[in-house]
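This is what each chain is made of:
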Amino acid sequence: MRISGLLFPRKCVFCGRLLRSDEFGACRACKIRLPYVNEPVCVHCGKPLYDNSESVCEDCRRNHGSSLDQNAALWVYRPKTKAAMMDYKYGGCRSDATFYANELEVRFRDRIREWSPDVIVPVPIHRRREWFRGYNQAEVLAEALGERMALPVCEALIRIRATTPQKEMTPSERRKNLSRGILADTDVLNSVPHERVLLIDDVYTTGATLDTCARTLKDTGVGRVFGLCLCIGSGF
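Conventions and cut-offs
- Residues numbered from 1 in each chain as written.
- Predicted model: local features only at pLDDT ≥ 70, side-chain atom pairs only at ≥ 80, totals over all residues.
- Heavy atoms only, no water.
- 1 Å grid on protein atoms, 1.4 Å probe; cavity = no way out; pocket = protein on both sides within 12 Å on 5 of 7 lines; lining within 4 Å.
- Points joined across faces, edges and corners; volume = space filled by probe spheres on them.
- Core = buried A, V, L, I, M, F, W, Y, C linked by side-chain atoms within 4.5 Å.
- Buried < 20%, exposed > 50% of the residue type's maximum accessible area, 1.4 Å probe, protein only.
- Helix = DSSP H or I, 4+ residues; strand = E, 2+ residues; numbered from the N terminus.
- Contact = heavy atoms within 4.5 Å.
- Salt bridge = Lys/Arg side-chain N within 4 Å of Asp/Glu carboxyl O.
- pLDDT = per-residue confidence, 0-100.
- Pairing = 2+ DSSP bridges.
- Axes fitted to C-alpha atoms, helices over the stretch in contact; angles between N-to-C directions.
- Expected span 1.5 Å × (residues − 1).

## Details of the layout of surface pockets
The calculated volume of the second largest pocket comes to roughly 440 Å³. Along its surface, the second largest pocket is lined by 18 residues, and Arg10, Lys11, Val13, Ser95 and Asp96 are the ones closest to its centre.

## Quick look at the nonpolar core
Counting residues in hydrophobic clusters, the biggest one holds 38 residues, and the most contacted among them are Phe14, Trp75, Tyr100, Leu145 and Leu228. Those elements that provide at least two residues to this core are strand E1 (70-76), helix H4 (79-90), helix H5 (97-115), helix H7 (137-149), strand E5 (196-204) and strand E6 (224-232). Beyond its immediate sequence surroundings of up to four residues, Tyr100 is in contact with Val13, Trp75, Ala84, Met85, Tyr88, Leu141 and Leu230. Of all hydrophobic cores here, the second largest spans 30 residues; its members include Cys42, Leu68, Tyr204 and Ile232.

## Describing the pattern of salt bridges
Counted according to the given criterion, the structure contains 11 salt bridges. Put simply, Lys31 and Glu103 hold a salt bridge, and the shortest N to O gap is 2.9 Å. Pair noted here: Lys31 is in helix H2 (residues 28-31) and Glu103 is in helix H5, with a separation of 72 residues, a long-range link. The exposure class assigned to Lys31 is partly exposed, which follows from its relative accessible area of 32%. Judged by relative accessible area, which is 6%, Glu103 ranks as buried.

## Considerations on the confidence of the model for the protein
Interpretation of this model should avoid reading the predicted coordinates in detail wherever pLDDT is low. With 87% of its residues at a pLDDT of 70 or more, the protein shows a mean pLDDT of 89. The low-confidence segment residues 1-7 (pLDDT under 50) makes two contacts with residues lying over four places distant or belonging to another chain.

## Overview of the sheet that holds E1
Strand order in the open sheet formed by four strands is E1-E6-E5-E2, with parallel pairing between adjacent strands. Of all the strands in the sheet, just E1 and strand E2 (119-122) have a single pairing partner and so form its edges. Looking at each pair of strands side by side, their axes are set apart by 20° on average, direction ignored. Where E2 meets E5, four bridges bridge the pair, whose relative direction is parallel.

## A short note on helix H10 (residues 208-219)
Look at H10: 16 Å from first C-alpha to last across 12 residues, which is about the 16 Å you get at 1.5 Å a residue. With nine of its 12 residues buried, H10 lies for the most part within the structure. Taken together, the buried positions of H10 are occupied by Ala208, Thr209, Leu210, Asp211, Thr212, Cys213, Ala214, Thr216 and Leu217. A positive backbone phi angle near 110° is found at Gly221, which sits one or two residues after H10.

Given below as structure tokens:
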């Protein structure tokens, strides 16, 4: 065993148990119980549907006109995945991005190729929050996925306002909170092909953040914007 393995043993991102040599990121017991998003799903946001006769979720019907062309997510936002996201975002578990990117690549490789993005753009956080956390979790995830999919990553969006945390807000409050808070860095964006953009974030709830990012990008001339997230919540 390498010394690094003794000093920094590999642990399950969900339960913290030491991993076996044939396990990666998550232990077998956790992985078989993870709430993967399965069909049927909303054709727009990717949320699970509970009626096979429906193609669009109630949330998207209420919030018609999103700038995001389509979104997909890996897991439903439940206690086990929520705890892992909190560790990844606030607990300094930056290295967990390797496992998460692998899961996204395995699950959505064909979807990403179908979308055919020119570039991956992470959802931005304000520089104050990035300084406090030490990193932007979406950026680290985007870099890891970009390496796997051989796609460039471009920090083309800037959050210019330290907006209030949105988890307790209504959808309309979220959109108001985000308005004028995210800008596109056109110099950075114009340095790469950007007709089709893939946005990356950790959690999708109402979609207000991704919608704002997509609208901001399209206002600069981007043609189509897709979203990919680790977890997706119930929305309203």
